[in-house]
Structures are given as C-alpha cells and as structure tokens.
Amino acid sequence: MHAIGIDIGGTKVAGALVDELGTIIREDRVPTSRDADEIETAVVEMIARLKDDAEPVAAGVAAAGFIDAAQSTVYYAPNIAWRNEPLREKLETRTGMPIVIENDANAAGWAEFRFGAGRLVSDMVILTIGTGVGGAIVSEDKLFRGGFGTGAEIGHMRVVPGGLPCGCGARGCIEQYGSGRALQRYANELADQGGIGQVLADVRTRTGTLRGADIGDLIQRRDPGALAALRQLGDWLGQACASLGAVLDPQMFVFGGGVAAAGDLLLEPIRASYLENLPARGYHPEPEFRIAELVNDAGVVGAADLARLHAESH
Ligand SMILES: [Zn+2]
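Residues numbered from 1 in each chain as written. Predicted model: local features only at pLDDT ≥ 70, side-chain atom pairs only at ≥ 80, totals over all residues. Heavy atoms only, no water.

For the zinc ion, the protein coordination sphere consists of H156 (ND1), C166 (SG), C168 (SG) and C173 (SG), at 2.0 to 2.3 Å. Classification of the site at the zinc ion rests on its four donor atoms, whose angles at the metal span 106 to 119 degrees, yielding the label tetrahedral. Each donor residue of the zinc ion lies on the same chain, and together they follow the pattern H-x9-C-x1-C-x4-C. Placement of H156 in the loop between β11 (142-143) and α4 (175-178) and of C173 in the loop between β11 and α4 is noted, with a sequence separation of 17 residues between them. (Donors = N, O, S within 2.8 Å, 3.2 Å for Na, K, Ca; no water. Tetrahedral: all angles 85-135°; square planar, octahedral: opposite > 155°, others 65-115°. Helix = DSSP H or I, 4+ residues; strand = E, 2+ residues; numbered from the N terminus.)

Right, let's get into the sheet that holds strand β5 (residues 66-67). The sheet built from three strands is open, its strands ordered β5-β6-β7 with antiparallel pairing. Edge strands, defined here as strands with exactly one partner in the open sheet, are β5 and β7 (83-85). Pairing of strand β6 (residues 74-76) with β7 involves two bridges; the strand directions are antiparallel. In the sheet register, V74 faces β7, and the bridge partner there is E85. (Pairing = 2+ DSSP bridges.)

Another point: the nonpolar core. Grouped together as the largest cluster of nonpolar side chains are 43 residues, with contacts concentrated most on L127, L233, F253, F255 and L266. For this core, the elements supplying multiple residues, two or more each, are β9 (124-129), β10 (133-139), α5 (180-193), α6 (198-207), α7 (212-220), α8 (224-248), β12 (252-256) and α9 (264-277). Those residues within four positions of L127 in sequence are excluded, and the remaining contacts are V133, G134, G135, I154, L237, C241, F253, V254, F255 and G256. Among the nonpolar cores identified, the runner-up in size contains 26 residues, and M46, I47, L50 and I101 belong to it. (Core = buried A, V, L, I, M, F, W, Y, C linked by side-chain atoms within 4.5 Å. Buried < 20%, exposed > 50% of the residue type's maximum accessible area, 1.4 Å probe, protein only. Contact = heavy atoms within 4.5 Å.)

A word on the packing of aromatic side chains. Going through the model one piece at a time under the given rule, you end up with seven aromatic pairs. Seen from their ring centres, Y177 and W236 are 4.7 Å apart, and the 40 degrees between their planes marks the pair as tilted. You can see Y177 sitting in helix α4 and its partner W236 sitting in helix α8, a full 59 residues away along the chain. Look at Y177 and you get buried, because its relative accessible area is 8%. With 5.3 Å between their ring centres and 20 degrees between their planes, F253 and F289 make a pair best called stacked. Linking F253 in strand β12 with F289 in strand β13 (residues 288-291), this pair joins segments that are 36 residues apart in sequence. In this pair, the class of F253 matches that of F289, namely buried. (Phe/Tyr/Trp six-rings, centres within 6.5 Å; stacked < 30°, edge-to-face > 60°.)

The next subject is empty space enclosed by the protein. What the rule picks out here adds up to one cavity of 30 Å³ or more. By volume, the largest cavity amounts to about 60 Å³. In terms of lining residues, the largest cavity is bounded by G65, F66, I67, D68, E102, N103, N106, R145, G149, T150, G151 and E153. When contributions to the lining of the largest cavity are tallied by element, the ones reaching two or more residues are β5 and β8 (99-103). For the lining of the largest cavity, the class distribution of residues is two nonpolar, six polar and four charged. (1 Å grid on protein atoms, 1.4 Å probe; cavity = no way out; pocket = protein on both sides within 12 Å on 5 of 7 lines; lining within 4 Å. Points joined across faces, edges and corners; volume = space filled by probe spheres on them. Nonpolar A, V, L, I, M, F, W, Y, C, P; charged D, E, K, R; others polar.)

Below, the discussion takes up the domain arrangement of the chain. One can read the domain layout of the chain as domain 1 (3-110 + 297-313) and domain 2 (120-179 + 225-292). Taken over C-alpha atoms, the centre of domain 1 sits 27 Å from the centre of domain 2. Taken together, the contacts link 13 residues of domain 1 with 16 residues of domain 2. Each partner contributes to the roughly 1,000 Å² buried at the junction of domain 1 and domain 2, and carbon and sulfur atoms together form 58% of this total. Viewed at the interface, domain 2 and domain 1 are joined by one salt bridge. Here E102 and R145 are joined by a salt bridge, their closest N and O atoms 2.7 Å apart. Going through the elements one at a time, β5, β8 and α3 (104-115) are the ones with two or more residues in the side of domain 1 that touches domain 2. Looking at which element gives the most residues to the side of domain 1 that touches domain 2, the answer is α3, with four residues. Taken together, the residues of the side of domain 1 that touches domain 2 sort by class into seven nonpolar, four polar and two charged. (Domains from an automatic or database assignment. Buried area = accessible area lost by both parts, 1.4 Å probe. Salt bridge = Lys/Arg side-chain N within 4 Å of Asp/Glu carboxyl O.)

Close approach of charged atoms allows side chains of opposite charge to pair. All chains considered together, the criterion is met by 15 salt bridges. Put simply, E286 and R271 hold a salt bridge, and the shortest N to O gap is 2.5 Å. Pair noted here: E286 is in the loop between α9 and β13 and R271 is in helix α9, with a separation of 15 residues, a long-range link. Put simply, E288 and R290 hold a salt bridge, and the shortest N to O gap is 3.2 Å. Given the relative accessible area of 39%, E288 is considered partly exposed. Because the salt bridges share partners, they merge into one network encompassing E40, E85, K90 and R94.

Set out below in structure tokens:
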C-alpha cells in the first residue's frame, strides 16, 4: 500500500509517493511560501499531483513545531504563522484523504528507524547535528511523542545549568554545545589560540570567516585543530548520550545532519565520552553508535510511513 509524505521545510515543500518498503515512487517539490494559507494550498495541490492514478491510503505531513498527541493540531510552528492550527481537519476536508501531522524531526527519525540504521533494533535515539541539534526517540518499536505530543526535543535537554542562552529561551541546552554552530565556535576559539589551531587561523585569515564547510574540509584532511574542535563537540554529545542512555536505554544512537559527514571521526569521541560519563559503567550493555543512512528524503519517507501505519490501524 502506498502513502504520501510531505515535508514542509524552511525553503521547500517536498513530497513523495512512497511504498511500504520506503521506496519513493515519484516526488515533487515547490518553494515554501511565507504565507500560511498559501502553504496549506501548496500541500493540497501537491497531494493531488502525487496521488494521480495511484490509490494512496493516507498522507503524512511533517513540519517543524509542536504537534498535539492526536497528530492533528499544530500548537506552534517556529517558521509559519500556525498557532493552535487544526491542520489535519483542514487538509482532510480539502483532500478527502486521511491525514496525519507529524513533527519533522520525528518523521525523519522514524524513517531512519524503519528503513535505515535502526531497522534491526527496537529502541533507538537519533540526534541530527546541523545548525542546531534535533532528534527523535523510538522506544519499544514506537515513536516517542510524550503525553502532550511535544516530547523528544533532544536539542533542548539542559547539559549546563545557567549555561549559554539558547534560541528556545532557556540556558545551557545541548544545542548550544553539540551543534554545527558550536563546532564553529570551538574552531574559532582554537584559531584564536594558535598552536594546533594555526591552520584554522590561516583559513580564517584567508577567507574572512571559518565556515562550516571549511571546518568539514579540514576534518577530512585530518587537520589537528579541526579534529580537536570535533572532539570537543563529540565530548558534549557523548555526555548527552550518557544521560539519554540512563533514561531510555536504547540499543543504538544514530547521528545525522551535516556534521555527521565526519563519520567515525565524530563517533569515536562521542563513544569515549559516553563510556566515561555512563552511570555504573562496565555493567551496562553498550549501545551501537552509527551514522544515519538516509540523507535527503528521510522526512517525506517517514511521514508517509507513519500515515500508512496510522491508516492501517484505524
Ligand atoms: Zn534550548
């Protein structure tokens, strides 16, 4: 049975018709409008185009924000003027198709669990290390949403009481210490110090700024300064994983997002820090640390699969 997945991103609305193995049959994308009503219409039109002569059982729509536990109302979206928006009802009325709404990080994490690195485990935590830190939790084969539907905001787990201010309004969130932006900060600090940061300092002098791509290149070339910045990042992420592990006991931690391109160079310091910070270490089965396998289409594939499973269970 096929289902449609739609992922409303900051710059584009992506959609696909997806089969039950997570394979994309056809896909579509349009730029994201700044207007909430236009976005809704773009989703309705995209569903109609993707549907065509197929008979999808449902459509899943993923967006950044807080979605209620019934997967119908967007409480709050950071980039779109949706506040307590009854999006499912509106889309079902306009498309005549069963719809589920899902947080975008949850949808992408679900795809990784079903069809990517997590497909052989029952309990998995994924952290997406991009500009910020996102993530999703799968516990006992189910996506963890929490009682109100707004759980698994892993990026806003506090790791430093009274620490750096975060975009969410709180202080000391892991997003401020374990994100791509934090990696840039560590690299700049090392560049300021010279020594092993000298190559970073030279690149900064030449280009005017140390961009994420520059740091990524230097990591691939095993520059000692860039690797030291990456170890700092991995150390914080490992501490976060130790806390998550103590509570959730996953068999696997998966890392996605741009910084995950560093591969084992990222996983090694995370794993070392995890083991160092784990309660009762030495007496705890060790989870696997893996890089995400799905890259670009995880959001649409996950949204489609969640919609299909929802339709099958009702
Ligand atoms: Zn925060």
